[in-house]
Amino acid sequence: MAFELQACLFDLDGVIVDTAKYHFTAWQRLAEELGVPFDHADNEQLKGVSRVDSLEYILRKGSLELDNDTKVRLMDRKNDWYLAQVEAMQPDELFPGVVAFIDELRAAGVGVALGSSSKNAPLILDRCRIADRFDAIIDGNSITFSKPDPEVFLKGADALGSEPDRTVVFEDAVSGVQAALNGGFRVVGIGDAETLSQADFILDGFDGFTMEGLVDRLS
Ligand code: B16
Ligand code: MG
């Protein structure tokens, strides 16, 4: 039986734009200052994970215990370095094909929402001039629980009036794929098949990808 597609929920970092590289340089700079080694494998663990949980990961890795005020100061420093890169973003940093795919969904009456853990999502969408493409925007400012909790996607489906099992989540992070599964969604992994092995299927990117292709692969 053909999959009945009602809505699509898009993660931001790593699905629509490659901001993971900006997070990496900012977290690595902070980790270095704290004397904690931080490499790409660490960054992979932090994809989809909230800012505070990302800092806690680094502190755990370095067996460091800090008071709350210091943690807030460190997160603000990291975010300032991150924002300095985000401020300069341009629409040409959108991944190839993602806007065309979203436009195809919208033209077909399929609801489209953002489901990101990032508190900086509104700024990134603005810099890339893509905010008006979404029927609903759920981001780090509207949620209490970090992925793999499904809150961000359940709120997205709720805003679109869609059923999770007829709603597809596009995710690049292990924590995000797990969040989608925890919410009862179908999920397409963007990136490495081994890392995202729990997804329904894996896509390298959106270039040339169509709604028909999506429905075919989920049916
Ligand atoms: P911010 P996503 C996530 O965005 C990132 O993948 C993750 O690395 C980041 O720590 C988190 O947002 C919070 O971001 O510091 O900007 O609030 O992948 O869920 O779109
Ligand atoms: Mg992501």
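## Some thoughts on the pairing of strand β5 (residues 186-190)
Across the 5 residues of β5, 4 count as buried, placing the element largely inside the fold. Summarising the sheet, strand β4 (residues 167-171) and β5 pair through 4 bridges and their orientation is parallel. For glutamate 171, the partnering residue across the bridge sits in β5 and is glycine 189. Strand direction decides the pairing type here: β5 and strand β6 (residues 201-203), joined by 3 bridges, are parallel.

## What to know about unusual backbone geometry
Geometrically, the link from lysine 147 to proline 148 is a cis peptide bond, its omega value of 20° lying close to zero. Within the element layout of this structure, proline 148 appears in the loop between β3 (136-138) and α7 (151-160). The backbone phi angle of serine 63 is positive, close to 50°, even though this residue is not glycine. Along the chain, serine 63 falls in the loop between α3 (51-61) and α4 (68-86). When its relative accessible area of 68% is taken as the criterion, serine 63 is described as exposed. Of note in the backbone geometry, arginine 129 takes a positive phi value of approximately 50° without being a glycine. Its place among the elements puts arginine 129 in the loop between α6 (121-127) and β3.

## Looking at the domain arrangement of the chain
Domain boundaries in the chain define domain 1 (7-18 + 94-218) and domain 2 (20-86). With centres defined by C-alpha atoms, the gap from domain 1 to domain 2 works out at 24 Å. Taken together, the contacts link 14 residues of domain 1 with 15 residues of domain 2. Of the roughly 1200 Å² buried where domain 1 meets domain 2, counting both sides, 48% is carbon and sulfur surface. Interface area lost by domain 1 to domain 2 is led by Asp18, Asn120 and Ser146, which between them contribute 39%. Where domain 1 touches domain 2, the interface holds 0 salt bridges. On the surface where domain 1 and domain 2 come into contact, there are 6 residue pairs in polar contact (both at pLDDT 80 or more). Of the residues forming the side of domain 1 that touches domain 2, the biggest block, 3 residues, is contributed by α6. A breakdown of the residues in the side of domain 1 that touches domain 2 according to their chemical character gives 3 nonpolar, 5 polar and 6 charged.

Basis of the calculations
- Residues numbered from 1 in each chain as written.
- Chains lettered and ligands numbered in written order.
- Predicted model: local features only at pLDDT ≥ 70, side-chain atom pairs only at ≥ 80, totals over all residues.
- Heavy atoms only, no water.
- Buried < 20%, exposed > 50% of the residue type's maximum accessible area, 1.4 Å probe, protein only.
- Helix = DSSP H or I, 4+ residues; strand = E, 2+ residues; numbered from the N terminus.
- Pairing = 2+ DSSP bridges.
- Domains from an automatic or database assignment.
- Contact = heavy atoms within 4.5 Å.
- Buried area = accessible area lost by both parts, 1.4 Å probe.
- Salt bridge = Lys/Arg side-chain N within 4 Å of Asp/Glu carboxyl O.
- Polar contact = N/O pair within 3.5 Å; in protein donor to acceptor, adjacent residues only side chain to side chain.
- Nonpolar A, V, L, I, M, F, W, Y, C, P; charged D, E, K, R; others polar.

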